Amino acid sequence: CIRDRFWEDLEEIIEDTPPSTDLLLIGDFNAQPHWNLEDLGAIAGPCHPPPTAAAQENSNEKTLLGLMQRHELCYPQTWMNKTHTQRWTHERPNGDQVQLDHTLCRRAWRNSIQNISTDHSAGLNSNHRLVCTTLAVKRGTPPAIPAGGARYQRKPTEEQLKNFQIAVTETW
């Protein structure tokens, strides 16, 4: 099934991404989580949106929760106090406005996300709204330059050249 293939491919991509990499997943997961906040721990924050009256949990919610637990991902928009208008991403044919599109990230990188909201003005030919995520990117400081100036000796001495030639000759 195409849905199963999507989740398998996503799982593989996450597994292939080193844990030290800032992983950000934004997309239509077709999931409206109805999770109990007490059971979630570090996955969701205190501003979790309430489910709509007609909402019923589907397999995507369970799959998404399992994926987030296995890979230490979190749902950062639940730490942001947003109105319903700033949160909903999909309008169903019956008029219900729900959040099916989400931003997920590694728990360790949650504080690098400054804002998540939806764009009302994006001219999409869709019943989904664009999810906008603002990140705080911090660049590391470059390594200090040694007192002598250059970091690397680009002009080897005669002795270094001779030792290199010997090493190459012995190897080949």
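Everything below is about the structure shown above.
An account of the accompanying structure is given in this report. (Residues numbered from 1 in each chain as written. Predicted model: local features only at pLDDT ≥ 70, side-chain atom pairs only at ≥ 80, totals over all residues. Heavy atoms only, no water.)

A few words on empty space enclosed by the protein. Over the atoms, a rolling probe the size of a water molecule traces out where space has been left empty. Tallied over the entire structure, the rule returns 2 cavities of 30 Å³ or more. Its volume calculated, the largest cavity comes out at about 70 Å³. Together, Gln77, Lys82, Gln86, Arg87, Thr89, Gln99, Asp101, Ile116, Ser117, Thr118 and Val131 line the largest cavity. Mapped onto the lining of the largest cavity, the elements with two or more residues apiece are helix H4 (84-87) and strand E6 (113-119). Per-element tally for the lining of the largest cavity: the top contributor is E6, with 3 residues. Here the lining of the largest cavity is built from residues that sort into 2 nonpolar, 6 polar and 3 charged. (1 Å grid on protein atoms, 1.4 Å probe; cavity = no way out; pocket = protein on both sides within 12 Å on 5 of 7 lines; lining within 4 Å. Points joined across faces, edges and corners; volume = space filled by probe spheres on them. Helix = DSSP H or I, 4+ residues; strand = E, 2+ residues; numbered from the N terminus. Nonpolar A, V, L, I, M, F, W, Y, C, P; charged D, E, K, R; others polar.)

To continue, consider the packing of aromatic side chains. Within the structure shown, the criterion is met by 3 aromatic pairs. The structure contains a cluster of three or more aromatic residues connected by ring pairs, namely Phe6, Trp7 and Phe29. The ring of Trp79 has Arg110 sitting right over it, with the charged end atom 4.0 Å from the ring centre. A cation sits over an aromatic face here: Arg129 above Trp88, 3.9 Å from the ring centre. (Phe/Tyr/Trp six-rings, centres within 6.5 Å; stacked < 30°, edge-to-face > 60°. Lys NZ or Arg CZ within 6 Å of the ring centre and 35° of its normal.)

Right, let's get into the pattern of salt bridges. Overall, the coordinates contain 2 salt bridges when judged by the stated rule. Linking Asp9 and Arg5 is a salt bridge whose minimum nitrogen-to-oxygen distance equals 2.9 Å. Here the residue Asp9 and the residue Arg5 both occupy positions in helix H1 (residues 2-16), the gap between them amounting to 4 residues, near one helical turn. We note a salt bridge from Arg70 to Glu11, for which the minimum N-O separation is 2.7 Å. Highlighted residues: Arg70 in helix H3 (residues 59-70) and Glu11 in helix H1, separated in sequence by 59 residues. (Salt bridge = Lys/Arg side-chain N within 4 Å of Asp/Glu carboxyl O.)

Geometric values such as these leave the question of function open.
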